[in-house]
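# Examination of the molecular architecture
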Amino acid sequence: MNKPRVVLGVCGGIAAYKACELLRRFTESGHDVQVVPTASALRFVGEPTWAALSGHRVSSEVWESVHEVPHVRIGQAADLVVVAPATADLLARAAHGLADDLLTNTLLTARCPVIFAPAMHTEMWEHPATRENVATLRRRGAFVIEPAVGRLTGADTGRGRLPEPGAVFDACRRVLARGPRALEPDLAGRHVVISAGGTREPLDPVRYLGNRSSGKQGYALARTALARGAGVTLVAANTELPDPAGAEVVRVGTAEELREAVVKAAAGADAVVMAAAVADFRPAGRAQGKIKKREGVDPEAVALVRNPDILAELSVRRATPGQVVAGFAAETDDVLANGRAKLVRKGCDLLVVNEVGDGLAFGTDGNEAVILEAGGAETRVPYGPKEELADRVWDTIVRTLESRGDQQPAGG
Ligand code: PMT
């Protein structure tokens, strides 16, 4: 398979060093990256670093290897151009169509999506000249990522910081996977609730019945929903992952706590996605003290009682008109047949069926699944990062919300 071809433009700002990390992420995830630094960028990070990390010759000039016509070829061959950091100067030159170095020539010849990740001091970012240049670039179809707020070059803080390489990489990955519309905030104004992780049902103060869920799939759903503009409540059961920036995170332990938190949050939500692995049963009682091992005495059988079926309850009692309710099905055998039956039993709008088992789905960074819709449609999502599957789930939910003619977000 051909590797996606990415041009990484780097401008002369202190954040140029962060572009090394971005480059690393691209190459390690199977992208072919041509770095095109400006002359100023090379004052911050030298040519050998870019060449070593990318495995390609690097130049900022149009006068090198002229026989290969690099000022046209690099842009024409690219699947994506990302400029990170993009300085005020580069944004101005790009907005005015200048072509005075290899990077601006590349921007003029690229026919693929172009992403700018600006980094500069707050005054420069807020200057009317920069505002107009950014507006011009956006009007022409480029994606200009909002700079982050935080520590700038010196002791000062404010808006203008380059977003973390992971966030820039994520935006690039989404555009490469889903095309130029990928960064449109199609969940803007929507509120979504996601459950993640695995519940733990206590036997005594030190033991519990639990499962292997890490929360990674649910957190990927939260991060992608945030990136698409949604307000997110993440109900997290026993996870150790960092809170996704911008999400309201509610921490729970047991299935009953998870039910209470999800039902409460669902009251004003446009969509609920149950990615958590919820225990179907819990011990009938919880011992006050640690259950003792007694010599010569066999352990008592643990009596179990049923936990509430939260997904089925949410599906019956839609908290808002048009609310979309989605679940995940973790299956070990007859995966699709069991998934189809579960969709009917639970009464939800869509069910994401994934096979679980040794090295499958639980705790992994990647996943594959089939998205089953109540109307009968089935979409296979091949193995890829959990964010990939999450984006496909949101695609389906956005389409379902729109098909219900519910253009009004639940909060609106
Ligand atoms: O967290 P990771 O390590 O990334 O792993 C991801 C995952 C495998 C946990 C995830 O992709 C997944 O499959 N989640 C659902 C796990 C599960 O509980 O499946 P189930 O087939 O037992 O339940 C079906 C649906 O009903 C699920 O949406 C579940 O949240 C819901 N349910 C289950 C039992 C219950 N009492 N109440 C529920 O609402």
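Described in the following lines is the structure provided in the data block. (Residues numbered from 1 in each chain as written. Predicted model: local features only at pLDDT ≥ 70, side-chain atom pairs only at ≥ 80, totals over all residues. Heavy atoms only, no water.)

The next subject is the sheet that holds strand β18 (residues 366–373). One open sheet accounts for eight strands, arranged β12-β11-β8-β13-β16-β17-β18-β19; its pairing is mixed. This sheet does not close on itself; its edge strands, each paired only once, are β12 (248–252) and β19 (378–385). Strand-to-strand twist of the sheet, defined as the mean angle between neighbouring strand axes without regard to direction, takes the value 15 degrees. Relative to the sheet, helix α14 (residues 386–403) contacts β8 (191–197), β13 (271–274), β16 (324–331), β17 (350–355), β18 and β19, its axis offset from that of β18 by approximately 20 degrees. (Pairing = 2+ DSSP bridges. Helix = DSSP H or I, 4+ residues; strand = E, 2+ residues; numbered from the N terminus. Axes fitted to C-alpha atoms, helices over the stretch in contact; angles between N-to-C directions. Contact = heavy atoms within 4.5 Å.)

Relative to the elements of secondary structure, serine 54 occurs in helix α3 (residues 47–54). Here the side chain of serine 54 touches tryptophan 50 through a polar contact of 2.8 Å, landing on its backbone oxygen. With residues near it in sequence (within four places) discarded, serine 54 still touches Leu23, Thr27, Val33 and Val35. (Polar contact = N/O pair within 3.5 Å; in protein donor to acceptor, adjacent residues only side chain to side chain.)

With that settled, the discussion passes to the side chain of lysine 342. Mapped onto the fold, lysine 342 is located in helix α13 (residues 335–346). Among the residues examined, lysine 342 registers a relative accessible area of 18% and is labelled buried. Side-chain polar atoms of lysine 342 contact the side chain of glutamate 331, separated by 2.8 Å. (Buried < 20%, exposed > 50% of the residue type's maximum accessible area, 1.4 Å probe, protein only.)

All right, on to the environment of serine 213 then. For serine 213, the position within the fold is in the loop between β10 (208–209) and α10 (216–227). Classification of serine 213 by relative accessible area gives buried; the value is 16%. Taking the C-alpha atoms as reference points, serine 213 and valine 144, separated by 69 residues in sequence, lie 36 Å from one another.

Residues in contact with the ligand amount to 29 residues; listed here are only the nearest, Ser213, Ser214, Lys342, Asn354 and Gly363. The side chain of serine 214 places a nitrogen or oxygen atom 2.6 Å from an oxygen atom of the ligand. Taking alanine 330, its main chain carries an N or O atom lying 3.1 Å from an oxygen atom of the ligand. Calculation on the ligand without its partners gives an accessible area of 760 Å², and the protein chains cover 96% of this total. Mapped onto the shell around the ligand, the elements with two or more residues apiece are α10, α12 (310–316), β16 and α13. If one sorts the elements of the shell around the ligand by residue count, β16 sits on top with four residues. (Near = heavy atom within 4 Å. Areas by Shrake-Rupley, 256 points an atom, 1.4 Å probe, with all protein chains shown as cover.)

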